[in-house]
Amino acid sequence: MKLWHCRDARSFRPLWALEELGLPYELVLLPFPPRWMEPSFLELNPLGTIPFFTDGDVQMTESAAICQYLADKTGELRVLPGDPRYGDYLNFLHQSDATLTFPQTLVFRYLHLEKPENRNPKVAEDYRRWFLARTIWAERALSDGRPWLCGDDFTVADIAVAYALLFAGNLGHLGEVGPHLLGFWERCQARDGFKRAKAAQKA
């Protein structure tokens, strides 16, 4: 398995999953954004996006989907169909990117990525509020005292949602999420798999 990754980008989700699962992999570190900083990357992934992941002939570009693929491949860090928690598991896994990370990418774009003359603090602020409003689903789920989003078992859904909190920290608005999510994020950072993933990307 091989993962193309930029530091703390969405590719951190599968990197963390690989470390949690103890799988052997090759990591290719790229400057961000790779489609501008490393144009040859477009020959591999014409989207120019991170992550790009291969496993033999399998090629994938979606961070949450790669996490699900790895969980299904190994039979670990997942909830199975028929389990009462299966709906929550899938919902959090896909909510992580479609609902939580999406508005953050626009905050990042309009505060940092665009040329100074094209930056738009008003748009960034609107999407910051959008992100914070949409953390309520996970905040409520954790309010019953459960350690992880699907109960007592840590899954790739936790990895996928936790990445949105990592991104929030890098953007400077992590302190505005709810207390249960902040506690969840502290537990995530204490995991050995998380620490190994953070160390791997510093290579």
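All values reported here derive from a predicted model rather than from experimental measurement.

Rules of the game
Numbers given to residues run from 1 along each chain, matching the order in which its sequence is written. With the structure being a predicted model, the display of local features is reserved for residues of pLDDT at least 70 and the display and counting of side-chain atom pairs for 80 or more, all residues being used for whole-chain, interface and lining totals. As a convention, hydrogens and water are excluded, and side-chain values are obtained from all of the structure's heavy atoms. When DSSP finds two or more bridges between a pair of strands, those strands are recorded as paired. Secondary structure counts use DSSP, requiring at least four H or I residues in a row for a helix and at least two E residues in a row for a strand, with both numbered from the N terminus. Axes here refer to lines fitted to C-alpha atoms; in helices the fit is confined to the stretch in contact. Angles between the N-to-C directions go from 0 to 180 degrees. Two residues qualify as a contact provided that any one of their heavy atoms is within 4.5 Å of a heavy atom in the partner residue. Note on definitions: salt bridges are taken to be side-chain nitrogens of Lys or Arg within 4 Å of carboxyl oxygens of Asp or Glu. Think of it in three bands: residues with accessible area under 20% of the maximum for their type are buried, residues over 50% are exposed, and the middle band is partly exposed, with areas taken using a 1.4 Å probe on protein chains only. Whenever a pair of cysteine sulfur atoms sits within 2.5 Å, that pair is classed as a disulfide. Two aromatic rings, drawn from Phe, Tyr or Trp (for Trp, its six-membered ring), form a pair once their centres lie within 6.5 Å of each other, and the interplanar angle then sorts them: stacked below 30 degrees, edge-to-face above 60, tilted otherwise. Note on geometry: a ring has a charge over it if NZ (lysine) or CZ (arginine) is within 6 Å of the ring centre and within 35 degrees of the ring normal.

**Topic: the sheet that holds strand 1 (residues 2–5)**
- The 4 strands are arranged 2-1-3-4 in an open sheet whose pairing can be described as mixed. The two strands at the open ends of the sheet, each matched to only one other strand, are strand 2 (26–29) and strand 4 (58–60). Here the average twist between neighbouring strands, direction ignored, is 15 degrees.
- Both strand 1 and strand 3 (residues 52–55) contribute to a ladder of 3 bridges, which runs antiparallel. Residue pairing for strand 3: lysine 2 is matched across the bridge by threonine 54.
- Where helix 1 (residues 12–21) meets the sheet, its contacts fall on strand 1 and strand 2, and the angle it forms with strand 1 comes to roughly 140 degrees.
- Each of strand 3 and strand 4 is contacted by helix 4 (residues 63–74), which is oriented at about 25 degrees to strand 3, the strand it contacts most.

**Details of the pattern of salt bridges**
- Scanning all chains against the criterion turns up 18 salt bridges.
- Taking the shortest distance from any N to any O, the salt bridge between arginine 7 and aspartate 8 comes out at 3.8 Å.
- Judged by relative accessible area, which is 10%, aspartate 8 ranks as buried.
- Here arginine 13 ties to aspartate 97 by a salt bridge, and the two come within 3.0 Å at their closest N and O atoms. Of this pair, arginine 13 sits in helix 1 while aspartate 97 is found in helix 5 (residues 86–113), placing the two residues 84 residues apart along the sequence.

**Observations regarding the state of the cysteines**
- Overall, the coordinates contain 0 disulfides when judged by the stated rule.
- Just so you know, cysteine 150 is unpaired, no disulfide at all, and the nearest cysteine sulfur is the one on cysteine 188, 12 Å from it.
- When its relative accessible area of 3% is taken as the criterion, cysteine 150 is described as buried.
- The cysteine cysteine 188 is free of any disulfide, with cysteine 67 supplying the nearest cysteine sulfur at 12 Å.

**Some remarks on the environment of phenylalanine 108**
- Mapped onto the elements, phenylalanine 108 comes out in helix 5.
- Separated by 11 residues in the primary sequence, phenylalanine 108 and arginine 119 have C-alpha atoms spaced 10.0 Å apart.
- In this structure phenylalanine 108 touches Phe32, Leu113, Phe167 and Leu171, once residues within four positions along its chain are discounted.

**A word on the packing of aromatic side chains**
- By the definition in use, this model includes 17 aromatic pairs.
- Here phenylalanine 12 and phenylalanine 194 contribute two aromatic rings whose centre-to-centre distance is 5.6 Å and whose plane-to-plane angle is 75 degrees, an arrangement assigned as edge-to-face. In this pair, phenylalanine 12 sits in helix 1 while phenylalanine 194 sits in helix 10 (residues 192–200), placing the two residues 182 residues apart along the sequence.
- Phenylalanine 12 sits in the buried class, given a relative accessible area of 0%.
- For phenylalanine 194, a relative accessible area of 6% puts it in the buried group.
- Between tryptophan 148 and phenylalanine 184, the ring centres sit 5.9 Å apart and the planes meet at 75 degrees, which makes this aromatic pair edge-to-face. With tryptophan 148 in the loop between helix 7 (136–142) and helix 8 (156–171) and phenylalanine 184 in helix 9 (residues 179–189), this residue pair connects regions lying 36 residues apart in the sequence. We note that tryptophan 148, like phenylalanine 184, is buried.
- Its end group placed over the ring of tryptophan 148, arginine 187 keeps NZ or CZ at 5.8 Å from the ring centre.
- Positioned above the aromatic ring of phenylalanine 154 is the side chain of arginine 191, whose terminal nitrogen or guanidinium carbon lies 3.7 Å from the ring centre.

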